[in-house]
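Structure at a glance
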Amino acid sequence: MRFNLTICTVLFSAFQAFAQNSPVVIPLETTQNALVLQADKDNYLGIIYFGKKLGQPTEYQQIPAQSRQRDGNAGTYNSAYTPAGSWNVSEPAIQVTQGDGNKSLDLVYVSHKTVKENDNVSLTSVVLKDPVYPVEVTLHYKIYAQENVVEQWSVISNNGKAPLTLQKYASANLYFTGKDFYLTHYNGTWAKEMNPEEEHLTAGIRVLDSKLGTRANLFQPPSFMLSMDKPATETSGKVLLGTLAWSGNFRMDFEVDSYHNLRLIAGINNYASEYPVSGNQEFKTPAFIYTFSENGKGEASRNLHNWARKYRILDGEGSRLTLLNNWEATYFDFNEEKLSGLFKDGKKLGVDLFLLDDGWFANKYPRNNDQAGLGDWQENIKKLPHGIGYLVKEAKNAGIKFGIWVEPEMVNPKSELYEKHPDWVIKQPQRPEHYMRNQLPLDLSNPEVQNFVYGILDKLFTENPEIAYIKWDCNAITFNAYSAYLEKSKQKQSQLYVDYVKGLYKVLEKLRAKYPKVPMMLCSGGGGRVDYEALKYFTEFWPSDNTDPLERIFMQWEYSYFFPAITQSAHVTDWGKQPSKFRTDVAMMGKLGYDIVVSHLDEKDLQFSQQAVSTYNAIKDVVWHGDLYRLVDPKENDFSSLMFTTKNKERAVLFSYLTGNRNGDGSEIAFRLEGLDPAKKYKVRELNLYPGTKTAIKEDQVYSGEFLMTAGFNPVVSARRTSVIIEISAVQ
Ligand code: GLA
């Protein structure tokens, strides 16, 4: 997204503050919240407030005087960017080795300015510098007022000649005062992504991190929720939602200090990642993105969704394609004839696109399983003698668009690519290779490898301009991190983790410059890589290979705190024991796709699925662009319910599922809906009924919004009605 820069710059400096004999106070305000920085008499910049904004900004300066937490530690914990090696000995945001080998850094406030990009967006940058060494740090706070979102990053400048080495280089350093803090973080592994755990933080440092490199989020994503005072609910409590926009190793330190306040330091993981900055160069950290609400997780996540769709996700406010994928239908076993049949099946189903998955390439070592061929991106002539171009045409003849799977960052040792370019592969020269899924990452710190990866996609698009969709996979973590390129070019091995990610972004940037629109799915064996930097280039992501709908109810619920439904690909597959209606209803809460053998569906299931695709087309606008309200949490109940409402509150779609299996489980009584207009009148209608079944809802009744949001509504979820979709529309 580009803005016309209306420059309305306010520049303020330490000198002016001195002249006016008043402290420098920098209130960074959104519509609801404020983060307030203040420089003390020695020009050390601290955070004096974080929370609901005050009507009178001049009153922020009164805040420090209210605190009795003043002893020998005063001023150490609340630093706006804690340097290491000088007087401040708490966990640092930045740690360096100076050119002369000295390990100290100190930072004092110099000046700040605010540039207004438009009525909603402004960027405040605050310059700090070391009084002794030529090092400067600029803290950037990009404020999205309406969405209550802050994007924060730092730029570290080496203004001297001697090289500077960064040992730690966080994006953001925040400080929250309060008594109790509750951290919700996520753990997982393949097919078990996004398991939440909430813990009361106690004294000391709790670290969330990844050292996995390429598939960085496999065990833990860089996203969390932080409740203050008490655990927040959907509709109450103070809660911060935070996430790091970086597709590599991350580290977040949550330190409960000796006052029982909380320090947060978030950024790239400095593990094995010392980074050199040569003279007159700078290092820009990725952005830490957060939103805060005093009204619970629901409001916080809607704010994040609004921001993400409008300002971040590629085509976030646009449209998406429904699709039929052949992965689970064929795995590696297909040929032109089989695929042509599947194109027709996709058309019969009514979806927009056919997605050809893994297995279409490599000849010397054909890609007939996951042990060979990765890296050799020529069509396999046995399976596809007429090439991709023929498939695109065949699909077109069948009346369906064509998309294709790639995993361009990886290589199987059994491949021509590996034979030709062993030095392009990340591996230790003297140690045995160690694989995940029989493969290794290519070294994207190497510009030649970047060109190769770009070339794979560029060739596909150039030869087949009608390719309408890409699924970009990444199935291995980084073992034995070592780069032959960095060695040869006399750079540091410790740059590899960072330069890999930078290399990846270079490729994506170049690709998007030439192919700005083609939808791309971000996949990493499921949710091994989902973040808001990658989503600048991708339109959607694959949350998990686990498509058991019961598991997906829980998983999609958790992802939904951070990522809007338009980004969550959800496919109907044969996983799970539930009937096809249940499987379809769950997938309809995200971006609908199918990965089934359509010809195996019986007549009723086929009829149901065809109707479901057209029903989805009728409600997708509400799901993709509406406001999400999570109503009944499957972790705490035997059923689950959530709804999407259009911004004008004219239409809503309510999804409910039975998640327990004891006798009597389900929605016995009504529960409150949300996001409607209390003064409007609404009718309700059940959607996606299975052929031959009838609704249990009274559809001729008109309800006020007030009724639905106060007395509530019962969609009648029971063992006989395990999934229910209700459309709620305003009537005149
Ligand atoms: C990964 C993806 C799957 C599929 C396979 C293909 O596991 O998550 O969806 O594309 O790779 O090998």
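Residues numbered from 1 in each chain as written. Predicted model: local features only at pLDDT ≥ 70, side-chain atom pairs only at ≥ 80, totals over all residues. Heavy atoms only, no water.

**Considering the sheet that holds strand β21 (residues 323-325)**
Counted only if it meets this: Strand pairing is defined by DSSP finding a minimum of two bridges between the two strands. The secondary structure listing takes helices from DSSP runs of H or I that are at least 4 residues long and strands from runs of E that are at least 2 residues long, numbered from the N terminus.
Pairing within the open sheet is parallel, and its eight strands lie in the order β28-β27-β26-β23-β22-β21-β30-β29. One side of each edge strand has no neighbouring strand; the edge strands of this open sheet are β28 (540-541) and β29 (569-572). Where strand β23 (residues 401-406) and strand β26 (residues 467-472) come together, five bridges link them in parallel fashion. Residue pairing for β26: Val-406 is matched across the bridge by Trp-472.

**Some words on the site of the ligand**
Applicable threshold: It suffices for a single heavy atom of a residue to lie within 4 Å of a molecule or strand for the residue to be listed as near it. In protein, a polar contact means a hydrogen-donor-capable atom and an acceptor-capable atom, both N or O and within 3.5 Å, with residues adjacent in sequence counting only if both atoms are side-chain atoms; elsewhere, any N or O pair within 3.5 Å suffices. Per-residue accessibility takes into account occlusion by the displayed protein chains alone, with areas from the Shrake-Rupley method and a 1.4 Å probe.
The environment of the ligand is formed by 13 residues, the closest being Asp-357, Asp-358, Arg-437, Lys-471 and Asp-545. Contact distances for the ligand include 3.1 Å between an oxygen atom and a side-chain N or O atom of Trp-405. Relative to its free-state accessible area of 300 Å², the ligand is covered by the protein chains to the extent of 96%.

**Describing the pattern of salt bridges**
Stated formally: Within this document, salt bridges are pairs made up of a side-chain nitrogen of Lys or Arg and a carboxyl oxygen of Asp or Glu, the two lying within 4 Å of each other. Relative accessibility under 20% of the residue-type maximum defines a buried residue, over 50% an exposed one, and the middle range a partly exposed one, all with a 1.4 Å probe and only protein chains included.
Overall, the coordinates contain 39 salt bridges when judged by the stated rule. Asp-358 is paired through a salt bridge with Arg-367; the nearest N and O atoms lie 2.8 Å apart. Residue Asp-358 is classed as buried on the basis of its relative accessible area of 1%. Glu-558 is the salt-bridge partner of Lys-635, the closest N and O atoms lying 2.7 Å from each other. Of this pair, Lys-635 sits in the loop between β31 (627-632) and β32 (639-645) while Glu-558 sits in helix α10 (residues 549-559), and the two are 77 residues apart along the sequence.

**What to know about the domain arrangement of the protein**
Basically, it comes down to this: Residue ranges assigned to the domains are those given by an automatic or database domain assignment. In what follows, residue pairs with any heavy atoms lying within 4.5 Å of each other are defined as contacts. Once two parts are put together, the accessible area they lose, assessed with a 1.4 Å probe and summed over both, is termed the buried area.
Domain boundaries assigned for the protein yield domain 1 (25-312), domain 2 (323-411 + 443-482 + 498-624) and domain 3 (628-731). Spacing between the C-alpha centres of domain 2 and domain 3 amounts to 32 Å. Facing 28 residues of domain 2, the contacting portion of domain 3 comprises 30 residues. A buried area of about 2500 Å², summed over both sides, lies between domain 2 and domain 3, and 68% of it is on carbon and sulfur atoms. Where domain 2 meets domain 3, there are one salt bridge. Summed over the shared surface of domain 2 and domain 3, the result is nine residue pairs in polar contact (both at pLDDT 80 or more). At the level of elements, α10, α11 (580-587) and α12 (603-625) are the ones that each hand at least two residues to the side of domain 2 that touches domain 3. By residue number, the principal contributor to the side of domain 2 that touches domain 3 is α12, which donates 11 residues.

**Observations concerning helix α5 (residues 387-398)**
Our working definition: Expected span of a helix: the number of residues minus one, times 1.5 Å.
For α5, built from 12 residues, the straight-helix expectation of 16 Å at 1.5 Å per residue is met to within 8% by its first-to-last C-alpha distance of 17 Å. All buried positions along α5 are accounted for by Gly-387, Ile-388, Leu-391, Val-392, Ala-395 and Ala-398. Packed against the buried residues of α5 are α4 (336-349), β22 (353-356), β23, α7 (447-463) and β26. Phi turns positive one or two residues past the end of α5, at Gly-399, with a value near 85°.

**Notes on the packing of α4 against α5**
Filter applied, for reference: Here an angle of 0 to 180 degrees is reported between the N-to-C directions of two axes, which are lines fitted to C-alpha atoms, with helices fitted over the stretch in contact. These descriptions rest on fixed angle ranges, namely under 35 degrees for roughly parallel, over 145 for roughly antiparallel, 65 to 115 for roughly perpendicular, and the rest for oblique. Each helix crossing is assigned a hand: it is left-handed if the near helix lies turned anticlockwise from the far helix by less than a right angle, otherwise right-handed if that turn is clockwise. Side-chain classes are defined by residue name, with Ala, Val, Leu, Ile, Met, Phe, Trp, Tyr, Cys and Pro counting as nonpolar, Asp, Glu, Lys and Arg as charged, and the others, Gly among them, as polar.
At a minimum axis distance of 9 Å, the contact between α4 and α5 shows a crossing angle of 30°. Relative to α5, α4 is oriented roughly parallel. The hand of the α4/α5 crossing is right-handed. Where α4 approaches α5, its residues Glu-336, Leu-339, Ser-340, Phe-343, Lys-344 and Lys-347 are matched on the opposing element by Gly-387, Tyr-390, Leu-391, Glu-394, Ala-395 and Ala-398. Its residues placed into classes, the contact of α4 with α5 shows six nonpolar, two polar and four charged.

**Some remarks on the packing of aromatic side chains**
Put simply, the test is: The rule is short: rings of Phe, Tyr and Trp, with Trp giving its six-membered ring, pair when the centres are within 6.5 Å, and they are stacked under 30 degrees, edge-to-face over 60, tilted in between. Each ring is checked for a lysine NZ or an arginine CZ that lies within 6 Å of its centre and within 35 degrees of its normal; such an atom marks a charge sitting over the ring.
In this structure the tally under the stated criterion is 40 aromatic pairs. Judged by centre distance (6.3 Å) and plane angle (40°), the ring pair of Phe-50 and Tyr-290 falls under tilted. Highlighted residues: Phe-50 in strand β4 (residues 45-52) and Tyr-290 in strand β20 (residues 287-293), separated in sequence by 240 residues. Both residues of the pair, Phe-50 and Tyr-290, count as buried. Note on Phe-343 and Phe-354: the rings are 4.9 Å apart at their centroids and 70° apart in plane angle, and the pair reads as edge-to-face. Placement of the pair is Phe-343 in helix α4 and Phe-354 in strand β22, with a sequence separation of 11 residues. The same class applies to Phe-343 and to Phe-354, which are both buried. The rings of Phe-50, Phe-176, Phe-224, Phe-254, Phe-288, Tyr-290 and Phe-292 are connected pair by pair, giving a single aromatic cluster. Here Lys-510 stacks its cationic end above the ring of Tyr-454, 4.3 Å away from the centre of that ring.

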